[in-house]
Amino acid sequence: MTGFAADVLTLYPEMFPGPLGVSLAGRALGEGGWQLTATQIRDFAEGRHRNVDDTPAGGGPGMVMRADVLARAIDAVSPPDDSRPRLLMTPRGAPLKQARVRELAAGPGVVIICGRFEGVDERVISRRRLEEVSIGDYVLSGGEVAAIVLLDAVVRLLPGVMGNDLSGLAESFEEGLLEHAQYTRPPVFEDEVIPPVLLSGDHAKVDAWRRADAEQVTAERRPDLWAVHRATKGRK
């Protein structure tokens, strides 16, 4: 397996590539910069109705995705010698952070399982060593949209995708801060001017302004990130 290869296991393979087929990710996909395969989980179900889910043990509402069906699907696209991490998109997973995105972008690819219904049988999570990942504290209809979000975040960091690889180094979360404000032409818009320091040509002053602005925005909008940043800064 060469390059970054993503295998997505889903009940709705027609959702892919979706947004991943346009813009930077789509261009890179068309040029062979990365690979994407969407596999129908139902193809691995048995019986006349090819059921992929069943009622939850212990009772309760909804349905649960079966361990045996998912295990067959996972084994088909990810044999034992596959070094790619297996990710299960679920609201109960660990929050996706930029540091993890960078780790994934530096690796050989990912296998993503898109959950549906009330969740996935715990036994396939443990036996197939699935890493549970969440993109936020809310519930979606399924893991497909979350998988697209994760892949978009990862693919844009692959070499050559953004054109200027330095673009990814001055963004929100890269240093534990939100990104500073951005400006471009015209210099005056509805009586508001670009901060003069950004037009001064003094790179040291520009860097200092951007750092101060990023710190102010982070403190105002994300006190959780600001607290971590302050604590980390204090230890240096």
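Read on for an overview of the structure. It should be emphasised that the depicted structure is a prediction, and the values quoted were computed from it without experimental measurement. (Residues numbered from 1 in each chain as written. Predicted model: local features only at pLDDT ≥ 70, side-chain atom pairs only at ≥ 80, totals over all residues. Heavy atoms only, no water.)

**Quick word on the packing of helix 6 (residues 203-221) against helix 7 (residues 223-235)**
Part 1 of the argument: Two elements in contact, helix 6 and helix 7, have axes whose closest approach is 6 Å; the angle formed by their N-to-C orientations is 125 degrees. In terms of their interaxial angle, helix 6 and helix 7 are classed as oblique. Mapping the contact onto sequence places R211, E215, T218, A219, E220 and R221 in helix 6 and P223, L225, W226, H229 and K233 in helix 7.
Part 2 of the argument: A breakdown of the residues in the contact of helix 6 with helix 7 according to their chemical character gives four nonpolar, two polar and five charged. (Axes fitted to C-alpha atoms, helices over the stretch in contact; angles between N-to-C directions. Helix = DSSP H or I, 4+ residues; strand = E, 2+ residues; numbered from the N terminus. Parallel < 35°, antiparallel > 145°, perpendicular 65-115°, else oblique. Contact = heavy atoms within 4.5 Å. Nonpolar A, V, L, I, M, F, W, Y, C, P; charged D, E, K, R; others polar.)

**A closer look at the side chain of D7**
Part 1 of the argument: Among the structural elements, D7 can be located in strand 1 (residues 4-10).
Part 2 of the argument: We classify D7 as buried; its relative accessible area is 12%.
Part 3 of the argument: Side chain to side chain, D7 and R84 meet in a polar contact 2.9 Å long.
Part 4 of the argument: Contacts of D7, omitting those with residues within four sequence positions, involve T37, T39, V77, R84, V110, V111 and I112. (Buried < 20%, exposed > 50% of the residue type's maximum accessible area, 1.4 Å probe, protein only. Polar contact = N/O pair within 3.5 Å; in protein donor to acceptor, adjacent residues only side chain to side chain.)

**Considering the environment of D75**
Part 1 of the argument: Following the sequence through the fold, D75 ends up in helix 2 (residues 67-77).
Part 2 of the argument: On the accessibility criterion, D75 (37% relative accessible area) is partly exposed.
Part 3 of the argument: Residues D75 and R128, 53 residues apart in the sequence, show an inter-C-alpha distance of 8.6 Å.

**Considerations on the packing of helix 3 (residues 98-105) against helix 5 (residues 144-155)**
Between two packed helices, both the angle of their axes relative to each other and the distance between the axes serve to describe the pair.
Part 1 of the argument: Look at helix 3 against helix 5: their axes get within 8 Å of each other, and the N-to-C directions meet at 70 degrees. It follows from the interaxial angle that helix 3 and helix 5 lie roughly perpendicular. Here the hand of the crossing between helix 3 and helix 5 comes out right-handed. On helix 5, the residues that touch V101, L104 and A105 of helix 3 are L150, A153 and V154. (Left-handed = near helix turned anticlockwise from the far one by under 90°.)

**A look at the sheet that holds strand 6 (residues 109-114)**
Strand pairing in a sheet takes place through backbone hydrogen bonds and is either antiparallel or parallel in direction.
Part 1 of the argument: Spatial ordering of the open sheet is given by 2-1-6-5-7, a layout of five strands whose pairing is parallel. In the strand order of this sheet, the two ends are held by strand 2 (34-40) and strand 7 (131-134), each with one partner. Each strand of the sheet is rotated relative to its neighbour by a mean of 35 degrees, with strand direction disregarded.
Part 2 of the argument: Alignment of strand 1 against strand 6, held across five bridges, turns out to be parallel. Paired with D7 across the strands is V111, a residue of strand 6. (Pairing = 2+ DSSP bridges.)

**Quick look at a nonpolar patch on the surface**
Part 1 of the argument: Among the surface-exposed residues, Y138, L140, V145 and V149 lie close enough to one another that they form a single nonpolar patch of about 330 Å² accessible area.
Part 2 of the argument: Take V149: it is sitting in helix 5.
Part 3 of the argument: Taking relative accessible area as the criterion, V149 reaches 38% and is therefore assigned partly exposed. (Patch = residues over 30% accessible without salt bridge, like charges linked within 9 Å, V, L, I, M, F, W, Y side chains within 5 Å. Areas by Shrake-Rupley, 256 points an atom, 1.4 Å probe, with all protein chains shown as cover. Salt bridge = Lys/Arg side-chain N within 4 Å of Asp/Glu carboxyl O.)

**Observations concerning unusual backbone geometry**
With the exception of glycine, most residues fall at negative phi, and the peptide bonds are largely trans.
Part 1 of the argument: A cis amide bond, omega 5 degrees, links F16 with the succeeding residue P17.
Part 2 of the argument: With respect to the helices and strands, the residue P17 is situated in the loop between strand 1 and helix 1 (23-30).
Part 3 of the argument: The residue after R185, namely P186, is reached through a cis peptide bond having omega 0 degrees.
Part 4 of the argument: Secondary-structure assignment places P186 in the loop between helix 5 and strand 8 (188-189).
Part 5 of the argument: You will see that R129, though not glycine, has its phi angle at about 50 degrees, which is positive.
Part 6 of the argument: Positive phi, normally seen in glycine, also occurs at D191, with a value near 70 degrees.
Part 7 of the argument: Residue position: D191 is located in the loop between strand 8 and strand 9 (192-193).

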